[in-house]
Amino acid sequence: MVRTETDRCPGVLAVHQAADGGLARVRVPGGALSAAQLDVLRIASADLGDGRLELTSRGNVQIRALRANGPRELSERLYGAGLLPSITHERVRNVLASPLTGLDQHSRYDVLPVVAAVDRELCARPRLAELPGRFLFALDDGRGDLAGVRADVAVRAVDEREALLHLGTSAVRVGWGDVPGLMVAAAEAFLDERDGEEWRIAELADGAERVLNRLGLHATEVLPTTSATIEAGQHGSALVVTVPLGTLTQEQAAVLTEHSNEIRITPWRSVVVPAAAAGQLEAVGLVTTAGSVWGGVTACAGQPKCSKALADVRADAWQVMPGMRRDGRRVHWSGCERRCGKPAGDFVDVLAVGNGYLVDGEPM
Ligand code: SF4
């Protein structure tokens, strides 16, 4: 494969210049933030950006509209908060975890400590700074909720002793103690196998087999394809909270930090907090029950934030979604055909075309 594009995944130091200013993406391995860290992000966005916190499908946080001196000041604040542990590896710390791991009865194994170990191993190996910014690790606690995230290197818990290390659906059973080393070794094997142009293992011909071979492993099992959906509402001691259009306001972020010691960002741009916080969260526009019109609704940046956008998709989504038929499907609004941030799998495709919208290819 010949690719002429450069890796433009933004980070904190490599800020993307959007129509509304600098866009910084802060990696949050496992999506787990302490209340103090979320507060640092909230205040930084108010001081240096547009005041909002965008949640991403990889459990990361974006701050937009950074002023000229914003990136430097932001990086200093994040470093102080433990959110920028590596300058060289910041854009490759893409590690997803089952957001409810350790919090309800469906969790076969608490994978968050393993996420921390993977992150440490990743940052400790200088060569892995070369990984593409879109290379993704995922740790599923056994419930199958990360089946649709298309990770490059993933594990799914079998029980407290073992996990399935898998590349795509090619899986091999390993002990938990070996997981961090094997996951980063698989990433290194990908760098060895690629010819410099591929960004993902799936782009390599026979990529899974070649990477496993380099590790001296052979797939012995096929990963179960069952995919669990995590709805908003109470799950054990935790509450899954829908964040409309995946964007936290200052007020919403402040209430989250007041009522939770730890906040987890999900790959579905919702958050997980302790169940006791529900009343206060509803009061600031967050949604704590299933079945809301905002559950499973996403939108790209749109006008005026993106120069390619043909419409202000977020403003239009606010107007249209309450009356829109969707038959339980997810919905994604896009300002142009790139469809940034679209969910994996099936969704209602709402596309701006300049003189209105197409919905699944038909005029709205
Ligand atoms: S989908 Fe198009 S309009 Fe939306 S953010 Fe991406 S490039 Fe911009």
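Just so it is clear, the structure is predicted and the values come from calculations on it, not from any experiment. (Residues numbered from 1 in each chain as written. Predicted model: local features only at pLDDT ≥ 70, side-chain atom pairs only at ≥ 80, totals over all residues. Heavy atoms only, no water.)

Re the sheet that holds strand β13 (residues 238-241)
For clarity, the cut-off: Paired strands are those between which DSSP finds at least two bridges. Put simply, DSSP marks the helices as runs of H or I at least four residues long and the strands as runs of E at least two long, and each gets a number from the N terminus on. Every axis corresponds to a line fitted to the C-alpha atoms, with the helix fit spanning only the stretch in contact, and the corresponding angles, defined between N-to-C directions, vary from 0 to 180 degrees.
Read across the open sheet, the five strands follow the order β3-β15-β16-β13-β12; overall the sheet is antiparallel. Here the strands that pair on one side only, and so sit at the sheet edges, are β3 (32-34) and β12 (233-235). The mean inter-strand angle of the sheet, taken between neighbouring strand axes irrespective of direction, is 30°. Bridge count for β13 against strand β16 (residues 271-274) is four bridges, and the pairing is antiparallel.

Quick notes on the site of the ligand
Note the following rule: Any residue with a heavy atom lying within 4 Å of a molecule or strand is counted as near it. Each residue gets one label: Ala, Val, Leu, Ile, Met, Phe, Trp, Tyr, Cys and Pro are nonpolar, Asp, Glu, Lys and Arg are charged, and the others, such as Gly, are polar.
As a matter of local geometry, the ligand sits amid C300, A301, C306, K308, A309, G335, C336, R338, R339 and C340. Partitioned by chemical class, the residues of the shell around the ligand number six nonpolar, one polar and three charged.

Concerning the sheet that holds strand β1 (residues 16-18)
Taking strand neighbours across the sheet as the criterion, the five strands line up as β1-β2-β5-β4-β14 in an open arrangement whose pairing is antiparallel. In this open sheet, the two edge strands, each paired with only one partner strand, are β1 and β14 (247-248). Pairing geometry for β1 and strand β2 (residues 21-26), over three bridges, is antiparallel. Its bridge partner being in β2, A18 is matched across the sheet by G21.

Let's talk about the domain arrangement of the chain
Note on interface size: it is often stated as the accessible area lost on association of the parts. Using the following cut-off: Segmentation into domains, and thus their bounds, comes from an automatic or database assignment.
Taken domain by domain, the chain holds domain 1 (16-83 + 239-283), domain 2 (90-222) and domain 3 (297-363). The distance between the C-alpha centroids of domain 2 and domain 3 comes to 31 Å.

Here we look at the environment of L83
What counts, and what does not: Accessibility here uses a 1.4 Å probe with only protein chains present; expressed as a share of the type maximum, an area under 20% marks a residue as buried, one over 50% as exposed, and anything in between as partly exposed. Any two residues having at least one pair of non-hydrogen atoms within 4.5 Å are treated as being in contact.
Its location among the elements puts L83 in the loop between α2 (70-80) and β6 (95-97). Overall, the relative accessible area of 6% leaves L83 in the buried class. For the pair formed by L83 and A24, sequence separation is 59 residues and the distance between their alpha carbons is 13 Å. With residues near it in sequence (within four places) discarded, L83 still touches V26, R27, L33, Q37, L41, L78 and R93.

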